[in-house]
Amino acid sequence: MKKMNKWLQRGKAAAKVFSAAAVMFLMNSRTAYASSVSQSRLALGTERLIKDATSWLMVLAPVVAGLLIIYFCIRRSAADEMDQKKWNNRIVVAIVSCIGAVIGSATLNVIIGYFR
């Protein structure tokens, strides 16, 4: 019972602190207008960086995945039955990761395209 009262007191104290912080946050809010953020060098550079990175990812992901799959197949051919299952799993993971990287990159390209 003492532990429960102790937790209850701590909970009440935390609620008081949280509510006081929320009131102070709401009272001190100010409106900021950013009219030229979309035309700033930082925004344009970031947009170009993301576009270039996703374009390179769409090219590099299948190439790296293909090289890894070739390596995994070579290792699987030299492995015993128990290890072949592990190498098969690694091949599947490489394929799924490649698909995920290409889909993610294409999605980012589409999202960035809407901001133009």
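The structure displayed is predicted, hence computed values, not measured ones.

Caption draft 1: Structural context of the overall build of the protein chain. A tally of regular secondary structure across the protein chain gives three helices and zero strands. The order of α-helices and β-strands along the protein chain, N terminus first, is α-α-α. Taking 2.2 N^0.38 as the reference for a compact globule, 116 residues should give roughly 13 Å; the C-alpha atoms of the protein chain span a radius of gyration of 27 Å, well beyond that estimate. Counting only C-alpha atoms and orienting by the principal axes, one finds that the protein chain spans roughly 65 × 60 × 15 Å. Across the 116 residues of the protein chain, 10% fall into the buried class. Within the protein chain, contacts between residues separated by at least 24 positions form 64% of all contacts whose residues are at least 6 apart in sequence.

Caption draft 2: Summary view of the environment of Ile-69. Residue position: Ile-69 is located in helix α2 (residues 41-77). Since its relative accessible area comes to 22%, Ile-69 is described here as partly exposed. Separated by 24 residues in sequence, Ile-69 and Val-93 place their C-alpha atoms 9.6 Å apart. Discounting chain neighbours no more than four positions away, the residues touching Ile-69 are Ile-91, Ala-94 and Ile-95.

Caption draft 3: Focus on the packing of α2 against helix α3 (residues 81-114). Put simply, α2 and α3 touch, their axes get as near as 9 Å, and they point 165 degrees apart. As summarised for this structure, α2 and α3 are arranged roughly antiparallel, according to the angle between their axes. As for how α2 packs across α3, the hand of that crossing is left-handed. Each residue belonging to the contact of α2 with α3 can be placed in one class, and the counts come to 19 nonpolar, six polar and five charged.

Caption draft 4: Fine view of the nonpolar core. One finds Phe-72, Ala-79, Trp-87, Ile-91 and Ala-94 forming the largest nonpolar core, which totals five residues. No other element matches the three residues that α3 contributes to this core. If sequence neighbours within four positions are ignored, Ile-91 has contacts with Ile-69, Phe-72, Cys-73 and Arg-76.

Conventions adopted
Residues numbered from 1 in each chain as written. Predicted model: local features only at pLDDT ≥ 70, side-chain atom pairs only at ≥ 80, totals over all residues. Heavy atoms only, no water. Helix = DSSP H or I, 4+ residues; strand = E, 2+ residues; numbered from the N terminus. Rg over C-alpha atoms; globule rule 2.2 N^0.38 Å. Buried < 20%, exposed > 50% of the residue type's maximum accessible area, 1.4 Å probe, protein only. Contact = heavy atoms within 4.5 Å. Axes fitted to C-alpha atoms, helices over the stretch in contact; angles between N-to-C directions. Parallel < 35°, antiparallel > 145°, perpendicular 65-115°, else oblique. Left-handed = near helix turned anticlockwise from the far one by under 90°. Nonpolar A, V, L, I, M, F, W, Y, C, P; charged D, E, K, R; others polar. Core = buried A, V, L, I, M, F, W, Y, C linked by side-chain atoms within 4.5 Å.

Interpretation note: all reported values are geometric properties and have no functional meaning in isolation.
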